[in-house]
Amino acid sequence: DQQVKQNSPSLSVQEGRISILNCDYTNSMFDYFLWYKKYPAEGPTFLISISSIKDKNEDGRFTVFLNKSAKHLSLHIVPSQPGDSAVYFCAARTGANNLFFGTGTRLTVIP
Amino acid sequence: EPEVTQTPSHQVTQMGQEVILRCVPISNHLYFYWYRQILGQKVEFLVSFYNNEISEKSEIFDDQFSVERPDGSNFTLKIRSTKLEDSAMYFCASRGLKNTGELFFGEGSRLTVL
């Protein structure tokens, strides 16, 4: 099951710069895409989502972009802060309830 | 802020033993889920539960697994006869009526099968 892929296992960014996390998917039936953030020894925490009928959703420092033709979405964090250091999971769902997760990207923001 | 709570945080068991993982979802939520994450792998869907019955389950959720909502607050995952490959972090999640995919996850229960 590789319906959601995050090809970069890790990313390091200087504090204050932009972090861009990428995600690709294969199932054109996905109707919502989400980003979750996970700290060690904690459960995933919802960050931001986007409906498949939109191409951008913004919430403070976080913006998610969706390119349906390329089956690609990205999460932009601007400006990046040391507290943003965590593992970020891309997830997608069909009309059913279950989420398909990517393998995660570990973001390290260097002070 | 309301949260999903899970117990135990870590359980070590012998292969073949039964294990029950417990979850208290957010109180006004109606949809409940179990996911698991084997070390180094992705978070995987196991089962969803609504209105006292299973809505959907994955291939992982075989006859060794069962879920129950024994009272108005707890949601449990039972593994009847644990195998080594059941070792993972098990996450409970819940959501309310808002159906945009946003789930609220607990901190997880780490299961180690020896």
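Residues numbered from 1 in each chain as written. Chains lettered and ligands numbered in written order. Predicted model: local features only at pLDDT ≥ 70, side-chain atom pairs only at ≥ 80, totals over all residues. Heavy atoms only, no water.

Quick notes on the environment of Val109 of chain A
All names here are of chain A.
1) Next: Positionally, Val109 belongs in strand 11 (residues 105–110).
2) Next: Separated by 19 residues in the primary sequence, Val109 and Cys90 have C-alpha atoms spaced 19 Å apart.
3) Next: Sequence-distant contacts of Val109, that is, excluding residues within four places in its chain, are made with Val13, Gln14, Glu15, Ser80, Gln81, Pro82, Asp84 and Ser85. (Helix = DSSP H or I, 4+ residues; strand = E, 2+ residues; numbered from the N terminus. Contact = heavy atoms within 4.5 Å.)

Re the pattern of salt bridges
1) Next: On inspection of all chains with the given rule, the structure shows four salt bridges over all chains.
2) Next: One salt bridge connects Glu58 of chain A with Lys56 of chain A, and the closest N-O pair in it is separated by 4.0 Å.
3) Next: Residue classification places Glu58 of chain A among the exposed positions, given a relative accessible area of 51%.
4) Next: Lys56 of chain A gets classed as partly exposed once you look at its relative accessible area, which sits at 43%.
5) Next: Between Arg36 of chain B and Glu44 of chain B there is a salt bridge whose closest N-O contact spans 3.5 Å.
6) Next: Judged by relative accessible area, which is 22%, Glu44 of chain B ranks as partly exposed. (Salt bridge = Lys/Arg side-chain N within 4 Å of Asp/Glu carboxyl O. Buried < 20%, exposed > 50% of the residue type's maximum accessible area, 1.4 Å probe, protein only.)

A short note on a negative patch on the surface
1) Next: Together, Glu42 of chain A together with Glu1, Glu3 and Glu107 of chain B line one region of the surface with negative charge.
2) Next: Considering the arrangement of structural elements, one finds Glu1 of chain B in the segment before strand 1 (5–7).
3) Next: You can call Glu1 of chain B exposed: its relative accessible area is 89%. (Patch = residues over 30% accessible without salt bridge, like charges linked within 9 Å, V, L, I, M, F, W, Y side chains within 5 Å. Areas by Shrake-Rupley, 256 points an atom, 1.4 Å probe, with all protein chains shown as cover. Lys, Arg positive; Asp, Glu negative; His and termini not counted. Charge placed at Lys NZ, Arg CZ, Asp CG, Glu CD.)

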